[in-house]
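So the chains spell out like this:
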Amino acid sequence: MTTEPNDPTTAAAPTSPASPASPGSPGTTTTAAAATPAEGHPAGASPAPASPAPTSPTDERLRRWRLVLGGEAAEGTGCVLNGRDAAMDGALTALYGRGDGKGQAGKERSAGLGASAPSVARWLGDIRTYFPSSVVQVMQRDAIDRLGLSTLLLEPEMLEAVEADVHLVGTLLSLNKAMPETTKETARAVVRKVVEDLEKRLATRTRATLTGALDRSARINRPRHHDIDWNRTISANLKHYLPEYRTIVPERLVGYGRASRSVKKEVVLCIDQSGSMAASVVYASVFGAVLASMRSIDTRLVVFDTAVVDLTDQLDDPVDVLFGTQLGGGTDINRALAYCQSQITRPAETVMVLISDLYEGGIRHEMLKRVAAMKASGVQFVTLLALSDEGAPAYDREHAAALAALGAPAFACTPDLFPEVMAAAIEKRPLPIPDPV
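Everything in this summary refers to the structure shown in the same document. Quick caveat, the model's predicted, so the values are computed rather than measured. (Residues numbered from 1 in each chain as written. Predicted model: local features only at pLDDT ≥ 70, side-chain atom pairs only at ≥ 80, totals over all residues. Heavy atoms only, no water.)

### Some details on the overall build of the chain
Of regular secondary structure, the chain possesses 16 helices and 10 strands. For the chain, buried positions account for 47% of its 437 residues. Total accessible area computed for the chain in this model is approximately 20,700 Å², and 52% of it derives from carbon and sulfur atoms. (Helix = DSSP H or I, 4+ residues; strand = E, 2+ residues; numbered from the N terminus. Buried < 20%, exposed > 50% of the residue type's maximum accessible area, 1.4 Å probe, protein only. Areas by Shrake-Rupley, 256 points an atom, 1.4 Å probe, with all protein chains shown as cover.)

### Quick look at helix H4 (residues 83-96)
Relative to the 20 Å expected for 14 residues at 1.5 Å per residue, H4 spans 20 Å between its end C-alpha atoms, a close match to the ideal helical length. In terms of burial, H4 is largely enclosed, as 10 of its 14 residues are buried. Three or more residues of H4 are buried, namely Arg-84, Asp-85, Met-88, Asp-89, Ala-91, Leu-92, Thr-93, Ala-94, Leu-95 and Tyr-96. Positive phi shows up at Gly-97, right after H4, with a value of about 65°. (Expected span 1.5 Å × (residues − 1).)

### Points about the packing of helix H8 (residues 166-174) against helix H11 (residues 278-292)
Remark: H8 packs on H11, axes separated minimally by 8 Å, with the N-to-C direction vectors making an angle of 105°. By the angle between their directions, the pair H8 and H11 is classed as roughly perpendicular. Here Val-166, Val-169, Gly-170 and Leu-173 of H8 come into contact with H11, specifically with Ala-278, Ala-279, Val-282 and Tyr-283. When its residues are assigned to classes, the contact of H8 with H11 shows 7 nonpolar, 1 polar and no charged. (Axes fitted to C-alpha atoms, helices over the stretch in contact; angles between N-to-C directions. Parallel < 35°, antiparallel > 145°, perpendicular 65-115°, else oblique. Contact = heavy atoms within 4.5 Å. Nonpolar A, V, L, I, M, F, W, Y, C, P; charged D, E, K, R; others polar.)

### Digging into the state of the cysteines
Per the counting criterion, the structure on display carries 0 disulfides. Unpaired in terms of disulfides, Cys-340 finds its nearest cysteine sulfur in Cys-270, a separation of 3.7 Å. Classification of Cys-340 as buried rests on a relative accessible area of 0%. (Disulfide = S-S within 2.5 Å.)

### A short note on the nonpolar core
By size, the foremost hydrophobic cluster in this structure holds 79 residues, and its most contacted members are Trp-123, Phe-131, Met-139, Leu-172, Val-353 and Phe-418. With 25 residues, the next largest nonpolar core counts Ala-336, Met-352, Tyr-395 and Ala-408 among its residues. (Core = buried A, V, L, I, M, F, W, Y, C linked by side-chain atoms within 4.5 Å.)

### Some details on helix H3 (residues 57-69)
An ideal rise of 1.5 Å per residue puts 18 Å on 13 residues; H3 measures up with 18 Å between its terminal C-alpha atoms. By the burial criterion, the buried members of H3 are Glu-60, Arg-61, Arg-63, Arg-64, Trp-65, Arg-66, Leu-67 and Val-68.

See the structure below:
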């Protein structure tokens, strides 16, 4: 579909392969995001002079299109950028270039930040000056992917300049083995900041949701008035309905159990640490630490590729858990499930959470047999294709279908939905599956 530069419905938010990616949608962004500067700027950065305000809505649309299209001769806007807009355009061009064609005098036009850390550090400062934090994180991710800047993250000065997010943590974890000692402390500080932010966002709601689920999972027959579960009480006494009074006389009360300090449930988090699962590993480690802090839940955290590593003893510090992982490598789900199965002591009170894209490099039929055996013993088995905000990843559909046939449907789960999924599993009720596969 062809759009005109003066089309008000498309000019407000056009997309282009050469434009920066928007959060959650790699490769695209809106001009509004690209053209809206962030408030303030990093210490030591000198912001460009402010650009003249557009004199009309048409000028503003042309300005936005110009920032998206990158100034090619055929872009057709006729708009010239000045001041701050020109500096923003320069930062975008350094990463996304001006297309795949030839420039003037037959020279190749391509993106590039140079090979030196100083030039990249300056660029990082520029994008933090001109763009909001959410856009900065996407541009950093694109710079790492498109321009191969991973190795520069091994320098402490670079790590101090970047905007920390879950994806950066995943990149740092994949570089962990190659990281020099001079960088490791800075890297841990970056990871800890992200982890602490996630804990603030997720911990309170997770504890509240699961505490309620644990209380409701224990029913009592002589409850106090405020502990009565009225829905279940009415259901249990329907045969005592008195039509003339249009009421039910309850002969048996059903109530919620009260929380206790004893362990009520066991939760096993079994996490695929292949490279594509980086964000899921980060979120699962944070949730593992939150669950481990609840006395009524006995939490075990296991990560695997072709080997299996039990990180349960490090759950008091999710940063230690993350640096105990090794992203990348093969996948042997069957071997990981065999280990987890050997650790389950109370099947009827256990929730087993497998987080994997299900690309099995081990013995497929043995993997499915283990899942069937665990479910038959009373284990609540949950399969998550991803635990992140990115949506469903690529996954093995045949294995997902086989697990669904066993009563363990596989689905992608956002961090905000995870507490509800765990609560449903604890209470042994249907899982809140957003998109069954």
